[in-house]
Amino acid sequence: MPFHKMPHSITPLVPCALYIVPGAFLHIIPRMADLTGRTVGKYTLQQRLGRGGMAEVYKAFHPGLNRFVAVKILHAHLAEDPDFLVRFRREAQAVAQLRHPHIVQVYDFDVEGDLQYMVMEYIDGRSLKDYLDAYFVRGEHLPLPAVLRLFRAVLEAVGYAHARGIVHRDLKPANVMIEDKEEGGTLRVKDEFPSALTLSPSAFRVVLTDFGIVKMIGGVKLTATGVGLGTPAYMSPEQGLGQPDDARSDIYSLGVMLYEMLTGAVPFDGDTALAVLLKHAQAPVPSLRQSRPDLPEAFDRLIAAAMAKRPDQRFQTAGEMLAALEALAAASEKTTSIKASPLAALWKKRAARASTSPLPTAVASSRAGRGRWNLARLAVGSALFLLLVLGGLFASRLFDAASLDAPARATAQAQLDAGQYQLAADSFTAVLQQAPEDAAALLGRAQAREGLGQIPEALADVEQAIAVAPDDPEGYAERARLNIQYGLSDDMAAIRADFDEAIRLAPNSARAYFLRGWAALNFPLLGDSPNPQAALADLQQSVTLDPQNAEAQFTLARALLALSRPADALTLAHRAVELDPRSPLYRKLRAHVQAALGDFHAAIDDLTAAIDLLPDPTPRAALLAERAYLYHRLGNPASAQTDLERAVSLDSTPKLARYVHLLLDPPLPRPSPDELAQASADAPDDPIWRAIVEALTEGN
């Protein structure tokens, strides 16, 4: 059996790692000693998870944050290059800036003695390679809906990284992790034998790992003539030949991965790495239909466009490849008996409209977090390129008015996502001059006008979108959100009717359920006051439909905390932070949940992270005052006093800091009962604030 086809579960462990290019000498890389049980920096290594030619990965525990992490320790021989540490830090810093739900989050990197290591989120799951091997052993293929959803996620992640100048250079199924979980959050599969693995088409998270590793060690000469870094079965021709590469090398590797996901085998095999590399450079890509005659021929054209020998003949971006995949998935639903999952259908519907809306908790910050939809919008913008690639299969769409308007709309959407609201409004207006009934453009301009503070004008655009597209759920959801968020209407019955209509039209829309639940939690949608109990069902449904939406996890945790259910809220708060560890709001919420559970040390850790992430001095001052109170409760008055001084330096009139100061110095006069009652009403969902007010009330 060729080496790259051997299932992971029976791959022999060899004492070296070997990658070669023509003319390269062999170089043996010794295995590291097992470091299980050792403490590296702040992390206790508990279990070695995997070994590779570049690094070894351990499951570790960080006691300060009470969480598991993955620690990747690079091989010691890499430090022989005097420039390595500089390159290691530079690339680690770049990778740590990536914030995407389908890219593993890098938390830390450091050097201890001769060990260079990176600390990442721990993914409680298995690799895509494990799943492919399991299906291969059973003689089965990965279900097409699962392939499409998995590959979309990988394309989103790669496109996001490429847009930030980071190329992976070692894309392969072993670097794609999958968390396949039950609704309650437990792993669906606990079996130790990969041959028993199956994949649910709707309840898994996809995470791409190992960004930046190849470039970190790219300057290290592992052989006398240099080694091609990567994995031969997935390497582009230019990588295998030792030529300069760029983001289009990742596109080639993606083509190989998609081929393997559809057929169960990589396109080129061989008894040696050199034989495989030569086939990548010279041999034509074999047809998928040799092993999958049930697939449309257009899949062959898509993979051929990704795996062209010359980089300039491939898809030039991950967005272009996703455009082809989306159109092909839509065509496959019509021409085969295999139907896409509900999420896939929602993706295509959103891509066709090229429209999205901000998340309501913080309009400005939420737009920055909508990167997961950006590639879907690019799918529309790349329609003409797609027609060239896939030939006549989709030629009937060439004269579709929506396709002709798509590039201009995609430009406007990109401006909107970049926060260039005036430019976006002007661009959407230009689209509407050519297509006055373009509902997607109307909704896009509404978002731009909202960003400019032109709320009545934004609502007028949404009203017009509903008029021209009465079956589009987004219009109703946006009208309800604008009316309740900005107090444009007091007719709660009409607002509820809009939310209900959005859900009727899109019963599988996580966002529609989220908005209705968010409204019930924050506004008197169902009575005289906000109703967290009434919000629960919608927010839970939203999380079930889209478990990767950090805002939904965060909002459901808020509702549970408001209902005095902090133990239930903690899991959701953890998940929100895992999905977006750079959000100070999510860190603050988790600190509040942990404080409500009495874990003041963990709460202090999260408040510290939130303080570091917040740019605005006023909210930083409030969090410093909350942290001071926790230090006070832990019997650390010196740290509490330091935090209060910092809070006052940031905000000259911090009410909360003044209250904590009164607790530290009991002889000082207390606030009046009326003032304390008002203070309690000011932050009903903040357990630390409430505890401070209650302590002062008891002292009166």
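Residues numbered from 1 in each chain as written. Predicted model: local features only at pLDDT ≥ 70, side-chain atom pairs only at ≥ 80, totals over all residues. Heavy atoms only, no water.

A.B. asks: Requested: an account of the overall build of the protein chain, with residues and values cited.
C.D. replies: The number of helices and strands found in the protein chain is 30 helices and nine strands. A separation threshold of at least 6 residues defines the contact pool for the protein chain, and within that pool the share at least 24 residues apart is 63%. (Helix = DSSP H or I, 4+ residues; strand = E, 2+ residues; numbered from the N terminus. Contact = heavy atoms within 4.5 Å.)

A.B. asks: Would you mind going over the packing of helix α6 (residues 247-263) against helix α8 (residues 298-306) in detail, with residue names and values included?
C.D. replies: What describes two packed helices is the angle between their axes and the distance between those same axes. Packing of α6 against α8 leaves a shortest axis separation of 7 Å and a crossing angle of 150 degrees. Considering the angle they form, α6 stands roughly antiparallel to α8. Contacts between α6 and α8 involve Ile251, Tyr252, Gly255, Leu258, Tyr259 and Leu262 on the former and, on the latter, Phe299, Leu302, Ile303 and Ala306. Class assignment for the residues of the contact of α6 with α8 results in nine nonpolar, one polar and no charged. (Axes fitted to C-alpha atoms, helices over the stretch in contact; angles between N-to-C directions. Parallel < 35°, antiparallel > 145°, perpendicular 65-115°, else oblique. Nonpolar A, V, L, I, M, F, W, Y, C, P; charged D, E, K, R; others polar.)

A.B. asks: An account of the side chain of His168 is requested, with residue identities and associated values reported.
C.D. replies: Relative to the assigned elements, His168 resides in the loop between α3 (144-163) and β8 (176-180). A relative accessible area of 0% means that His168 is categorised as buried. A polar contact of 3.1 Å, which involves the side chain of His168, links it to the backbone nitrogen of Asp170. A polar contact of 2.7 Å, which involves the side chain of His168, links it to the backbone oxygen of Thr209. (Buried < 20%, exposed > 50% of the residue type's maximum accessible area, 1.4 Å probe, protein only. Polar contact = N/O pair within 3.5 Å; in protein donor to acceptor, adjacent residues only side chain to side chain.)

A.B. asks: Tell me about the pairing of strand β5 (residues 106-112), and please be specific about residues and values.
C.D. replies: Two strands pair when backbone bridges link them, and β5 and strand β6 (residues 115-121) are joined in this way by six bridges, in the antiparallel orientation. Note that in β6 the partner of Asp110 across the bridge is Tyr117. Where β5 hands over to β6, the hairpin turn is made up of two residues, of which Gly113 adopts a positive phi near 65 degrees. (Pairing = 2+ DSSP bridges.)

A.B. asks: Report on the pattern of salt bridges, specifying residues and quantitative values.
C.D. replies: Enumeration according to the criterion identifies 29 salt bridges in this entry. When the shortest N-O distance is used, the salt bridge between Glu179 and Arg575 registers 3.9 Å. Taken together, the positions of Glu179 in strand β8 and Arg575 in helix α23 (residues 566-579) put the pair 396 residues apart, joining distant regions of the chain. Arg575 shares its class with Glu179; the two are buried. (Salt bridge = Lys/Arg side-chain N within 4 Å of Asp/Glu carboxyl O.)

A.B. asks: Residues and numbers for helix α17 (residues 455-468), please.
C.D. replies: Here α17 is 14 residues long and its end C-alpha atoms lie 20 Å apart, about the 20 Å a rise of 1.5 Å per residue gives. Here α17 has its buried residues at Ile455, Ala458, Leu459, Asp461, Val462, Ala465 and Ile466. Seen along its axis, α17 keeps its buried residues to an arc of 155 degrees; they face one direction. α17 presents Pro456 and Ala467 as exposed residues on the side facing more than 90 degrees away from its buried surface. Of the surrounding elements, those touching the buried residues of α17 are α16 (439-451) and α18 (473-485). (Expected span 1.5 Å × (residues − 1). Arc of directions from axis to C-beta.)

A.B. asks: Provide a residue-level description of the nonpolar core, including the pertinent values.
C.D. replies: Counting 71 residues, the largest nonpolar core has Leu128, Phe151, Leu254, Leu262, Leu302 and Met321 as its most contacted members. The element best represented in this core is α3, accounting for twelve residues. Look past the residues within four positions of Met321 in its chain and what remains in contact with it is Phe151, Leu155, Ile251, Leu254, Gly255, Leu258, Leu302, Ala306 and Phe315. In terms of nonpolar packing, the next biggest core, distinct from the first, is built from 63 residues, Ala477, Ile503, Leu536 and Ala557 among them. (Core = buried A, V, L, I, M, F, W, Y, C linked by side-chain atoms within 4.5 Å.)

A.B. asks: Break down the pairing of strand β3 (residues 55-62) for me, with residues and values.
C.D. replies: Taken across its eight residues, β3 has seven buried, putting it largely inside the fold. Here strand β2 (residues 43-51) runs beside β3; their pairing, made up of six bridges, is antiparallel. The residue bridging Arg51 from the neighbouring strand is Glu56, located in β3. Looking at chain direction, β3 and strand β4 (residues 67-74) are connected through eight bridges and run antiparallel. Bridged to Phe61 within β4 is Phe68. A loop of four residues connects β3 with β4, the two strands running antiparallel in sequence, and Asn66 in this loop sits at a positive phi of about 55 degrees.

A.B. asks: Help me get a handle on the packing of aromatic side chains, residues and values and all.
C.D. replies: For the structure shown, the criterion picks out five aromatic pairs. Taking the centre distance of 6.5 Å and the plane angle of 75 degrees together, the rings of Tyr43 and Tyr117 count as edge-to-face. Of this pair, Tyr43 sits in strand β2 while Tyr117 sits in strand β6, and the two are 74 residues apart along the sequence. Of the residues examined, Tyr43 reaches a relative accessible area of 4% and is grouped as buried. Ring geometry for Phe68 versus Tyr122: centroids 6.5 Å apart, planes at 55 degrees, classification tilted. With Phe68 in strand β4 and Tyr122 in the loop between β6 and β7 (126-127), the pair connects residues that are 54 residues apart, well separated along the chain. (Phe/Tyr/Trp six-rings, centres within 6.5 Å; stacked < 30°, edge-to-face > 60°.)

A.B. asks: Tell me about the sheet that holds β2, and name the residues and values.
C.D. replies: Pairing is antiparallel in the open sheet, where six strands are placed in the order β1-β2-β3-β4-β6-β5. Looking at which strands have only one partner, the edges of the open sheet turn out to be β1 (39-40) and β5.

A.B. asks: How would you explain the environment of Asp246 if you had to name every residue and give the values?
C.D. replies: Along the polypeptide, Asp246 turns up in the loop between α5 (237-240) and α6. Accessibility expressed as a relative area gives 27% for Asp246, which makes it partly exposed. Along the primary structure Asp246 and Pro311 are separated by 65 residues, whereas in three dimensions their C-alpha atoms are 8.8 Å apart. Here the side chain of Asp246 touches Arg248 through a polar contact of 2.8 Å, side chain to side chain.

A.B. asks: Requested: an account of helix α19 (residues 492-505), with residues and values cited.
C.D. replies: Note on helix geometry: an α-helix contains 3.6 residues per turn, so any two residues three or four positions apart are oriented the same way. The end-to-end C-alpha distance of α19, which contains 14 residues, comes to 20 Å, matching closely the 20 Å that a straight helix rising 1.5 Å per residue would cover. When α19 is considered as a whole, its buried residues turn out to be Met492, Ile495, Asp498, Phe499, Ala502, Ile503 and Leu505.

A.B. asks: If you had to explain the environment of Tyr421 to someone new, which residues and values would you point to?
C.D. replies: In this fold, Tyr421 is placed in helix α15 (residues 421-434). Spatially, the C-alpha atoms of Tyr421 and Arg449 are 6.9 Å apart, while their sequence positions differ by 28 residues.

Fair warning: the whole summary comes from geometry, so function is off the table for now.
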